[in-house]
Structure formats: C-alpha cells, structure tokens
Amino acid sequence: MSIQPIQDPGLPTHVHRKADTDPVAAKRAERQVAILFLISALGTLLFIFSYLAIPQDELIFLPIMGTTNAHQLFLGLGLAVALFFIGMGAVHWAKTLMPDHEVVDHRKEQRSKDEDRDAFVATIREQGATAGLGRRTLIKRTLGLSLGLVGLSPLLLLGDLGPLPGNDLNETNWKRGTRLLTDPALRPIRPADLEVGAVAQILPELPGGKKHSLADIAKDAVLLVRIRPEEFNLDAERLSWTYQGIIAFSKICSHMGCAVALYEQNTKHLLCPCHQSTFDVTRAAEVIFGPAARPLPQLAITVDADGYLIAKDPFNEAVGPSFWGRDSA
Ligand code: FES
C-alpha cells in the first residue's frame with residue numbers, strides 16, 4: 001500500500017509566545033511557576049499542621065459554613081491547595097516555557113525501523129534537554145519540594161493504622177452508677193421526664209464533666225424507650241434491668257454500626273435505616289428482621305438517691321458490629 005503525500009491542512013501561521021523570544025518574559029514565567037509550586041508546598045504544610053496540631057473534635061465558626069470541624073476543614077483545604085497548585089504550576093509551565101514547535105508526524109508501518117526508534121529516543125532526550133529542566137534550577141527545586149511534600153503526606157495517614165485497639169472496642173464509658181444525660185443538652189434525666197411512648201438519646205456523664213469526644217459518642221450512645229411495664233416480654237433478670245417501663249439499648253447497630261435511629265411507637269420496633277434491621281423493644285431488642293445477627297446490647301438502669309436515672313452496670317455485651325473474634329451468631 002502506497003503512502004499518500006500529506007496535504008497542507010492550511011493551518012494559520014504559528015505565533016511564538018512572548019517567553020520564546022523575550023528572556024525577561026521567560027524569567028517572569030519561571031518565577032510564576034515557582035510561586036505556584038511554593039503555594040502548593042504551603043498547602044501541604046497546612047495539611048501536616050492540621051493533622052498533627054488541630055484536635056479531631058475542634059470546632060470553628062465561619063460566617064458562611066456556621067460551626068464546623070476545624071481538623072477536617074483545614075486537612076481538606078491543605079490537600080486541595082497542594083494538589084491544585086501543583087497542577088496549576090505544571091500547566092503554566094507547559095503553556096509558557098515548554099517547547100512550542102509544530103511537528104508533522106508521518107504515519108508509519110506498524111513497527112518502526114530500528115534507526116527510527118533510536119531517533120525517537122534521541123528526540124525525547126533532546127526535548128528533555130530543550131525543556132530546560134537542567135537549566136531551570138528554581139523550577140526544578142520548587143517542583144521537587146512540592147512533589148516531595150505531597151508524596152510525604154500519605155505517610156502521615158499511616159498513623160491512623162495504629163495503635164491497635166486493644167480492649168477499646170469492648171469497653172464504653174458506662175460504669176455502675178453512671179448518670180444518664182440527655183443528648184445534646186447533657187442534663188440528668190428522671191423517669192418522669194420520659195412519657196410512655198417517648199424515646200430519648202442519651203450519653204453517659206463523664207468524670208469531672210469531661211466533654212464527649214466523637215469516639216466516645218460512637219460507642220456510648222444509648223436509646224431510652226418508655227413503654228408500659230406490662231408490655232415487656234422479658235425474663236425476670238432482664239425485667240430487673242428496666243425501670244418503670246424504661247429500657248435502655250445501645251444505639252449502635254449490631255450489624256454494621258449505623259445509628260439505630262427510628263422508633264415505631266405502635267409496634268415498639270427500633271429500626272436501623274442502613275439495612276433495615278428491626279429490633280423488638282418488648283423482647284430486649286431481639287432481631288425480628290434484617291441482617292443483624294445479635295440483639296442491641298442492653299444497659300441495666302435504675303435511679304440514684306436524687307431520683308435520676310443511672311446505669312446499674314456496664315452494657316451486658318460489647319457494643320457495635322460483629323467482627324472477627326466477636327461472636328456474630
Ligand atoms: S448497620 Fe444496621 S442494619 Fe446494617
């Protein structure tokens with residue numbers, strides 16, 4: 001098959017960029033690229049600072065966003081700035097300083113001849129030299145700095161792999177005598193505060209009035225439900241864990257750990273919205289539908305001398321989803 005000669009497609013005359021002909025413009029473009037890479041490096045430093053120095057539950061108020069988590073906000077901002085400005089720097093570098101010659105590329109047979117392949121390698125090397133990476137030390141160094149810092153940031157995240165949880169997954173802040181506090185008001189609650197048919201989200205009172213961290217809430221959250229005492233279908237021991245028709249369960253679903261957030265007053269069923277596991281309140285949160293394999297752990301409750309609801313004991317079993325080493329049946 002013969003190769004047809006290439007027709008002139010009629011492209012407009014090539015206009016050279018200013019940086020191609022004016023060394024001052026080239027130097028200015030070089031500085032602009034370097035500034036973009038430096039901003040990227042600052043973004044990575046912000047990312048590292050946020051990860052190491054801003055507590056995970058630190059809150060900040062911003063006019064448009066309202067109250068938001070400062071740790072996550074600055075972590076995201078830092079990474080976004082780092083990646084965006086590396087991209088900007090690379091694009092600006094390519095548009096202003098990289099070689100701008102128009103090249104006609106003839107179609108070849110499938111495999112090029114050896115001499116053509118050698119010529120290609122030589123061209124790549126030559127273009128690499130023309131790009132001036134060797135000469136433009138400012139760009140080379142700032143690019144190295146920004147890429148190096150971005151490359152380091154994933155190493156920080158390795159810190160999240162440890163330490164090992166130890167017994168943390170089996171323990172909560174609920175101890176014998178811990179007061180039940182309403183969430184989010186954090187007020188102690190008396191039996192009379194909860195009408196029959198009502199449900200309340202509860203957290204434990206922490207020693208010394210300590211603030212609840214997100215990790216605490218993820219394990220300690222409790223749902224308090226009040227029904228008529230005669231509606232319970234429990235053995236004597238489980239019945240003694242309730243108080244005047246009030247029963248307390250872990251809010252963390254025993255399937256995969258979502259918040260069990262829906263209560264059907266008529267049927268007295270608690271429903272997990274993630275995969276529709278349904279638990280029967282009258283029978284100690286026995287699973288009556290869905291993929292959960294265990295009932296919700298129950299918290300035995302009573303009242304203290306002042307008439308406030310307190311825990312009689314910690315949860316009867318570990319809260320949260322089933323996993324290896326934790327019985328799933
Ligand atoms: S997490 Fe609750 S049903 Fe799956």
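Everything quoted here is computed from the prediction, not taken from an experiment.

Any chance you could explain the nonpolar core here in plain terms?
Counting residues in each nonpolar core, the largest one holds 18 residues, and the members touching the most others are Ile247, Phe249, Val260, Leu270, Phe279, Val281 and Leu296. Of all elements in the fold, only strand 5 (222-226) and strand 6 (246-250) reach the threshold of two or more residues within this core. Counting 16 residues, the second largest nonpolar core, distinct from the first, contains Ile189, Leu224, Ile246 and Ala311.

Mind showing me how you'd approach the UniProt feature "domain: Rieske" (unreviewed entry) in the protein chain here?
Mapped onto this structure's residue numbering, the UniProt feature "domain: Rieske" (unreviewed entry) falls at residues 219-310. Along residues 219-310 one finds 8% helix and 33% strand; the C-alpha atoms at either end are 17 Å apart.

Which parts of the structure should I look at to understand the packing of aromatic side chains?
The geometry of two aromatic rings is summed up by the distance between their centres and the angle between their planes. Evaluation of the coordinates by the stated rule reveals one aromatic pair. Relative to Phe85, the ring of Phe84 lies with its centre 5.2 Å away and its plane at 90 degrees, an arrangement referred to as edge-to-face. Lying over the aromatic face of Tyr308, Arg190 brings its terminal NZ or CZ to 4.2 Å of the ring centre.

Whenever I open this one, a nonpolar patch on the surface confuses me. Can you help?
Together, Leu152, Leu155, Leu158 and Leu161 line one region of the surface with nonpolar side chains, adding up to about 430 Å² of accessible area. By the secondary structure assignment, Leu158 is in the loop between helix 5 (137-157) and strand 3 (180-182).

Help me understand helix 3 (residues 70-96), please; the structure alone is not making it clear to me.
Side chains of residues three or four places apart in an α-helix project in the same direction, reflecting 3.6 residues per turn. The end-to-end C-alpha distance of helix 3, which contains 27 residues, comes to 38 Å, matching closely the 39 Å that a straight helix rising 1.5 Å per residue would cover. Looking at the buried side of helix 3, the elements it contacts are helix 1 (18-21), helix 2 (23-53), strand 1 (59-62), strand 2 (66-69) and helix 5. The N-terminus of helix 3 is capped by Asn69, whose side-chain oxygen sits 3.0 Å from the backbone nitrogen of His71.

Looking at this structure, how should I read the pairing of strand 6?
A regular strand carries its side chains on alternate faces of the sheet. Burial within strand 6 is extensive, with five of its five residues counted as buried. Because side chains alternate across strand 6, one face comprises the buried residues Ile246, Ala248 and Ser250, and the other comprises Ile247 and Phe249, equally buried. Bridge count between strand 5 and strand 6: five bridges; the pairing is antiparallel. Within strand 6, the residue paired with Val222 across the bridge is Ser250.

Just checking my understanding: could you explain the sheet that holds strand 7 (residues 262-264) for this structure?
Two orientations exist for strands paired in a sheet by backbone hydrogen bonds: parallel and antiparallel. As summarised here, the arrangement of the four strands in space is 7-8-9-10, forming an open sheet in which the pairing is antiparallel. The open sheet has two free edges, formed respectively by strand 7 and strand 10 (286-289), since each of these has just one partner strand. Each strand axis lies, on average, 35 degrees off the axis of its neighbour in the sheet, ignoring direction. By the bridge criterion, three bridges tie strand 7 to strand 8 (residues 269-271) in an arrangement that is antiparallel. Directly across from Leu262, in strand 8, lies its bridge partner Leu271.

So what exactly am I meant to see when it comes to the UniProt feature "transmembrane region" (unreviewed entry) in the protein chain here?
UniProt marks residues 33-54 and 74-94 with the feature "transmembrane region" (unreviewed entry), using the numbering shown here. When the span residues 33-54 is considered, its composition is 95% helix and 0% strand, and the gap between its end C-alpha atoms is 31 Å. Strand forms 0% of residues 74-94 and helix 100%; the C-alpha atoms that close the span are 30 Å apart.

Looking at this model, I keep getting lost on the environment of Gly209. Mind explaining?
Position of Gly209 relative to the elements: it lies in the loop between strand 4 (199-204) and helix 6 (214-220). What makes Gly209 exposed here is its relative accessible area of 67%. Spatially, the C-alpha atom of Gly209 lies 22 Å from that of Asn69, the residues being 140 residues apart in sequence.

What exactly am I supposed to notice about unusual backbone geometry here?
With the exception of glycine, the majority of residues adopt a negative phi angle, and the majority of peptide bonds are in the trans configuration. Cis geometry is adopted by the peptide bond preceding Pro184, which originates at Asp183 and carries an omega value of 15 degrees. Tracing the backbone through its elements, the reader meets Pro184 in the loop between strand 3 and strand 4. The residue Lys268 is not glycine, and still its phi comes out positive at about 60 degrees. Relative to the helices and strands, Lys268 resides in the loop between strand 7 and strand 8. The phi torsion at Ala285 lies on the positive side, around 60 degrees, for a residue other than glycine. Considering the arrangement of structural elements, one finds Ala285 in the loop between strand 9 (278-280) and strand 10. Judged by its relative accessible area of 0%, Ala285 falls in the buried class.

Just to check I follow, could you spell out the side chain of Asp304 for this structure?
Among the secondary structure elements, Asp304 is positioned in the loop between strand 12 (301-303) and strand 13 (309-311). Separated by 2.9 Å, the side chains of Asp304 and Arg179 make a polar contact.

Looking at this structure, how should I read the environment of Val33?
Looking at where Val33 falls in the secondary structure, it is placed in helix 2. The spacing of Val33 and Gln127 is 94 residues in sequence and 19 Å in space, taken between C-alpha atoms. Sequence-distant contacts of Val33, that is, excluding residues within four places in its chain, are made with Gly89, His92, Trp93, Leu97 and Ile139.

Each value, and the rule that gives it
In every chain, residue numbers begin from 1 and rise along the written sequence. At least 70 in pLDDT is required for a residue's local features to be given in this predicted model, at least 80 for side-chain atom pairs to be given and counted, and no such filter applies to totals for whole chains, interfaces and linings, which use all residues. Excluded from the side-chain calculation are hydrogens and water; included are all heavy atoms of the structure. Here, nonpolar core refers to any group of buried Ala, Val, Leu, Ile, Met, Phe, Trp, Tyr and Cys residues whose side-chain atoms link them within 4.5 Å. We call a residue buried when its accessible area falls under 20% of the maximum for its residue type, exposed when it is over 50%, and partly exposed in between, using a 1.4 Å probe and counting protein chains only. Strands here are runs of E lasting at least two residues and helices are runs of H or I lasting at least four, both read from the DSSP assignment and numbered beginning at the N terminus. UniProt positions are given in the numbering used here, feature names are shortened, and annotations may be inferred rather than shown by experiment. Stacked, tilted and edge-to-face are the three classes assigned to paired rings of Phe, Tyr and Trp, where Trp is represented by its six-membered ring and a pair needs centres within 6.5 Å; plane angles under 30 degrees give stacked, over 60 edge-to-face, the rest tilted. Distance and angle both matter: a charge sits over a ring if NZ of Lys or CZ of Arg is within 6 Å of the ring centre and within 35 degrees of the ring normal. Surface patches are drawn from residues lacking salt bridges whose relative accessible area is over 30%; two like charges belong together within 9 Å, two nonpolar side chains (Val, Leu, Ile, Met, Phe, Trp, Tyr) within 5 Å. Computed with the Shrake-Rupley method and a 1.4 Å probe, the accessible areas treat only the protein chains shown as cover for residues. Salt bridges are counted wherever a side-chain nitrogen of Lys or Arg sits within 4 Å of a carboxyl oxygen of Asp or Glu. Under the convention used throughout, the expected extent of a helix is 1.5 Å for every residue step, that is, one less than its residue count. The contact criterion used throughout is that any non-hydrogen atoms of two residues lie within 4.5 Å. Definition of a polar contact: a pair of N or O atoms within 3.5 Å, with one able to donate and the other able to accept a hydrogen when the atoms are protein atoms, and with sequence-neighbouring residues admitted only if both atoms are side-chain atoms. At least two DSSP bridges between two strands are required for those strands to pair. Every axis in this analysis is a line fitted to C-alpha atoms, fitted for helices over the stretch in contact. Angles between the N-to-C directions lie between 0 and 180 degrees.

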